[in-house]
Each structure stands twice: as C-alpha cells, then as structure tokens.
Amino acid sequence: MSKSKINVGNFFEDFKIGQVLRHAAPRTVTVGEVALYTALYLPRFAVQSSKAFAQAIGYQEAPIDDMLVFHLVLGKTVPDVSLNAIANLGYADFKFLVPVYPGDTLDAVSEVIGLKENSNKETGVVYVRTTGKNQRGETVLSYARWVMVKKRDKDAAVGPAVVPDLPKAVSPSELGKAVPKLNIGAYDKALAGSPFFWGDYEVGEKIDHIDGMTVEEAEHMLATRLYQNNSKVHFNQYYEAQGRFGKRIIYGGHVISMARALSFNGLENVFHISAVNGGKHVNPLFSGGTIFAWSEVLDKAEIPGRSDIGALRMRLVATKDKPCAEFPLNTAEGKPDPAVLLDLDYWAVLPR
C-alpha cells in the first residue's frame, strides 16, 4: 500500500532548471488514430486524407496530421509536466521537422528551461522544451511551452525566477523540413478543393472560415484519452467540481485542432503546419460552446532552396459562440475579446 509507488505528478517546487524528464509510454501511430482524429475534428486536407494523392506529389504515403503528432507527443509529457497544472498558457519555437507515417513510434523528452513563482505563492509557471522522436531517433517535433502548476506547499522555498528568452518567430530557413520535394504538376487542385496556391494570398488578407463546431463533452473526453492526456482539469469531474470553475476545462489542443479543421474553408491547400511562432489560450472553454475561427495572413516567405513550396505566416483566432465575420480579437478598450479562445501565430506551407 506504499504511496511511493504512485505517481502524484510534479508540483511547482519539484521542478529544477536543467532537469530532464524522459516520458513514459512510447506510442506507435496507426491508421486507427487517424480515423478517430478525423471523426473528432473533420480535417479535410487532401495530403493527409489520401494515400494516392500524397504519393502522387512525392510522399511515401499519407502523413499523419501535424496536430495529431503534436497531441500524441504532448500527451506523453502530461504525467511529468502538467498533471498538477491549472492551465496551459502558451507555445513558442515550435517546429515540425520530419514527417510521421502510420507505423512510426513516438516518444518524448522534456527539459525544464524556466521557472517563475506567481505572486500568490500558490502556483508558478514552468517552461519546458519538449522533443518528440521517432523509432529511428529522428526529431520529428520540437517545441517550448509553459504551464501554470500548483505548489504542494505554499511556503516552500523556490529559486529565483528564470524566464527563457524564446525567439519571436521561426526563421523561414527552418521551414518545410517535413515536406519532401513535391511534384507540383501532379497536385490536383480539384481534389484538394481549391485553386489557390501560395501566390494567391496577400499579406493583410483576412478570411472568415464561416463554419462552426459545437464542443461535446463526450468528444472532448474521447480526445483526451486518445492522446493519453490524464491531466485532472480535463477529465476528472469529481476533482474539478471542487475547483475554481466547478467543471472540466476543455483541453486547449482540442480547440487548436477544431480551429485548424475549420480553417480548411479558405485555406484548402495549406496542408502543413511547419512551425508555430507563438500561441495563447486566451480564455477557457467548456462543453456546449461552439467554436468559430478566422485567419489573417501576417507575412509571406520563400523557403531557401525550395521552388515547389512557399510559406505563409498565419494568425489563427478561435472564438466561442461568436461568428467571425467581423474578425473579433480585442475590445474597443484594447483588452482581449471575452469570446476569443485561441490566438495562434504559425507558419504554414503550401504549393507555389
């Protein structure tokens, strides 16, 4: 009955700068996960949906959706990093580096790169750099994220604050590494769903993705289990009934995947997220809310050595119960619109 055999997760005072956390439970990705991910979010990008389409343009087969790769890697980290978290706060320097295919096995390692106790002495922010690798030891994904974690003991002494200096954006020279040389002549725009390539988008252009998806409790619960994400705030109603909201919080990655899937309407050929420059979960989401999304082209870039693909720097904004025809973001007073859930800055790759 020894409690020493039970993992209660790390609290803020347990983390140390430079600490390396090797996460348990490597995961082999199968077509089953792909089918379930499609059922959860309705992604429709042709490259990930069709083996024949992907092979025609140069992939060995249809790659796993970028966000599914992210969720599976992040899920590995939860027992060690965010089991006692209150909220996931943001991301930076987030790069997809190698395509992942069905049959690949993913594992993850994180390093603590920053710690900052909050003024209430009850919580602190933990910054980690997580690396996801395949069975060949290739890094498929690398990202920094920061989470607010409870302290076990409010009076526990902690070290001085260390906030990592993270890049504001990923350089275009680092983009497209997970995309093989594409045969653009074989890229069927009709099957992809849009005639618009890289040159058809302009900086400053905004796109209302129109559609909305309501978040159901059962789907959210299924998703967190699919990713082996056992964070209490997402699926333990007994625990959360005693918390500040009295109910479970929808996993922020669930919002990202829904918004990304919604963005297909207007960005049909933007099939690959190459990097995330930064992102914020602006407000929490609970079941029953309907997600809408809009995008803005922040920048365009050529990728050195690649004439087949180009990069768009995109802002993806998700809202709750608020259609996006007017592109909601901030109030007249400059504060975040209370309907905004997600503000994500990412580099996307698409054909030229």
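My aim in this report is to walk through the structure given alongside it, one point at a time. These numbers come from a predicted model, not from an experiment.

Observations concerning the packing of aromatic side chains
- What the rule picks out here adds up to 14 aromatic pairs.
- These aromatic residues form a ring-pair network of at least three members: Phe70, Tyr91, Phe94, Phe96 and Tyr143.
- Looking at Lys189, its charged tip hangs above the ring of Phe197, at a distance of 4.3 Å from the centre.
- Sitting above the plane of the Phe45 ring, Arg260 keeps its charged end 4.1 Å from the centroid.

Some words on empty space enclosed by the protein
- If you walk through the whole model with that rule in mind, you get 2 cavities of 30 Å³ or more.
- In this structure, the largest cavity occupies an estimated 100 Å³ of space.
- Roughly 30 Å³ of internal volume is contained in the second largest cavity.
- Considering the residues around the second largest cavity, the lining is formed by Met67, Phe70, Tyr91, Phe94, Ile256, Val276 and Leu344.
- When residues of the lining of the second largest cavity are traced back to their parent elements, those giving at least two are helix H4 (66-81) and strand S3 (85-96).
- In terms of residue class, the lining of the second largest cavity is built from 7 nonpolar, no polar and no charged.

So, H4
- Taking 1.5 Å per residue as the helical rise, H4 with its 16 residues ought to reach 22 Å, and the 22 Å between its terminal C-alpha atoms agrees with that figure.
- Gly75 marks where H4 bends most, by close to 25 degrees; the proline Pro79 follows one to four residues later.
- A large share of H4 lies buried, amounting to 15 of its 16 residues.

A few points about the pairing of S3
- For S3, the tally of buried residues reaches 9 of 12 residues, placing the bulk of the element in the interior.
- Sheet analysis places S3 next to strand S6 (residues 139-150), joined by 8 bridges and oriented antiparallel. When the bridges of S6 are listed, Ala92 appears paired with Ala144.
- Strand direction decides the pairing type here: S3 and strand S9 (residues 272-281), joined by 5 bridges, are antiparallel. Paired with Lys95 across the bridge in S9 is Ala275.

Overview of unusual backbone geometry
- One non-glycine residue with positive phi stands out, namely Leu42, at about 70 degrees.
- The topology assignment puts Leu42 in the loop between helix H1 (31-41) and helix H2 (46-49).
- The partly exposed category is assigned to Leu42, whose relative accessible area is 47%.
- Of note in the backbone geometry, Phe327 takes a positive phi value of approximately 55 degrees without being a glycine.
- Take Phe327: it is sitting in the loop between strand S11 (306-320) and strand S12 (340-351).

Observations concerning H1
- Taken together, the buried positions of H1 are occupied by Glu33, Tyr37, Leu40 and Tyr41. The arc enclosing the buried residues of H1, seen along the axis, measures out at 70 degrees, which places them on a common side. Residues of H1 that are exposed and point over 90 degrees away from its buried face: Val31 and Ala39.
- Tucked into the core, H1 has its buried residues touching strand S2 (27-28), H4, strand S8 (213-214), helix H6 (217-226) and helix H9 (252-262).
- N-capping of H1 is provided by Thr30, with a side-chain oxygen placed 3.1 Å from the backbone N of Gly32.
- Positive phi shows up at Leu42, right after H1, with a value of about 70 degrees.

Conventions we followed
Residues numbered from 1 in each chain as written. Predicted model: local features only at pLDDT ≥ 70, side-chain atom pairs only at ≥ 80, totals over all residues. Heavy atoms only, no water. Phe/Tyr/Trp six-rings, centres within 6.5 Å; stacked < 30°, edge-to-face > 60°. Lys NZ or Arg CZ within 6 Å of the ring centre and 35° of its normal. 1 Å grid on protein atoms, 1.4 Å probe; cavity = no way out; pocket = protein on both sides within 12 Å on 5 of 7 lines; lining within 4 Å. Points joined across faces, edges and corners; volume = space filled by probe spheres on them. Helix = DSSP H or I, 4+ residues; strand = E, 2+ residues; numbered from the N terminus. Nonpolar A, V, L, I, M, F, W, Y, C, P; charged D, E, K, R; others polar. Expected span 1.5 Å × (residues − 1). Bend = angle between axes of the 7 residues up to and from the residue. Buried < 20%, exposed > 50% of the residue type's maximum accessible area, 1.4 Å probe, protein only. Pairing = 2+ DSSP bridges. Arc of directions from axis to C-beta. Contact = heavy atoms within 4.5 Å. Polar contact = N/O pair within 3.5 Å; in protein donor to acceptor, adjacent residues only side chain to side chain.

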